[in-house]
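A look at the structure
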Amino acid sequence: DVIREKLNCLYGKILLLNDMVLFRCSSIKDKKNISKISIGNFISTSTDFETAENFFSYDGLNVTYVIKVKSGTPVLVIPYSVKLHIKDNQKILKVVANDDQNEIILFKKHLKVELEKQEEENDEIFICINASALDKTKSLL
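Residues numbered from 1 in each chain as written. Predicted model: local features only at pLDDT ≥ 70, side-chain atom pairs only at ≥ 80, totals over all residues. Heavy atoms only, no water.

1. Comments concerning the nonpolar core
Most often, soluble globular proteins keep nonpolar side chains buried together rather than apart. Counting residues in each nonpolar core, the largest one holds 20 residues, and the members touching the most others are V63, Y65, I67, V69, L106 and I127. Of all elements in the fold, only strand 1 (20-28), strand 3 (61-69), strand 7 (103-107), strand 8 (111-121) and strand 9 (124-133) reach the threshold of two or more residues within this core. Sorting elements by how many residues they give to this core places strand 3 first, with 5 residues. Those residues in contact with Y65 that lie beyond four places of it in its chain are L22, F23, R24, S26, I34, K36, I37, I127 and I129. Among the nonpolar cores identified, the runner-up in size contains 6 residues, and F23, C25, V66 and C128 belong to it. (Core = buried A, V, L, I, M, F, W, Y, C linked by side-chain atoms within 4.5 Å. Buried < 20%, exposed > 50% of the residue type's maximum accessible area, 1.4 Å probe, protein only. Helix = DSSP H or I, 4+ residues; strand = E, 2+ residues; numbered from the N terminus. Contact = heavy atoms within 4.5 Å.)

Have a look at this one:
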């Protein structure tokens, strides 16, 4: 896919200047899928927990990943969002500039991760992860 190739080429162009806490929320059907933080190489996160909560589908178990990312980790900053709008009873996707989604993309196969803790409460799972740049090309996720 051309878009993925272009995004992968951006690896290392933007590095976090400071440590940062990012959030990713998703819903899974089976607990065995907990470690699958994303399907591909890109992990979409938000700097805002309430924004990340919008990505729960509420079908299955809700999982919140709290990712503590170290400075120097390569990221992509996304100043746009693709949102679903309904116009004349039709669903259309629209690119929104300067959106409040506060999206930061992590490169999964270049991350070194360490599980800090995992808790379950009211059918919701919270996973705290420490993440930093991986010197090797192998991922732990």
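2. Remarks on the packing of aromatic side chains
Counted under the stated rule, the structure contains 3 aromatic pairs. Ring geometry for F23 and F49: centres 5.6 Å apart, planes at 65°, overall edge-to-face. Highlighted residues: F23 in strand 1 and F49 in helix 2 (residues 49-53), separated in sequence by 26 residues. Given a relative accessible area of 17%, F23 falls into the buried group. A relative accessible area of 26% places F49 in the partly exposed class. Seen in terms of ring centroids, F42 and F107 are 5.8 Å apart; in terms of plane orientation they differ by 65°. Their pairing is edge-to-face. (Phe/Tyr/Trp six-rings, centres within 6.5 Å; stacked < 30°, edge-to-face > 60°.)

3. What to know about unusual backbone geometry
Excluding glycine, a negative phi dihedral is what most residues carry, and trans is how most peptide bonds are arranged. Even without being a glycine, D88 presents a positive backbone phi close to 55°. Take D88: it is sitting in the loop between strand 5 (80-87) and strand 6 (90-97). Judged by relative accessible area, which is 68%, D88 ranks as exposed.

4. A few points about the environment of Y80
Structurally, Y80 is set in strand 5. Assessed through its relative accessible area of 47%, Y80 is described here as partly exposed. In this structure, the C-alpha to C-alpha distance between Y80 and V95, residues 15 residues apart in sequence, is 6.6 Å.

5. Overview of the side chain of S46
Along the chain, S46 turns up in strand 2 (residues 42-46). Classification of S46 as buried rests on a relative accessible area of 4%. Here D48 takes part through its backbone nitrogen, which lies 3.0 Å from a polar atom of the side chain of S46. Sequence-distant contacts of S46, that is, excluding residues within four places in its chain, are made with L22, F23, T51, A52, Q101 and N102. (Polar contact = N/O pair within 3.5 Å; in protein donor to acceptor, adjacent residues only side chain to side chain.)

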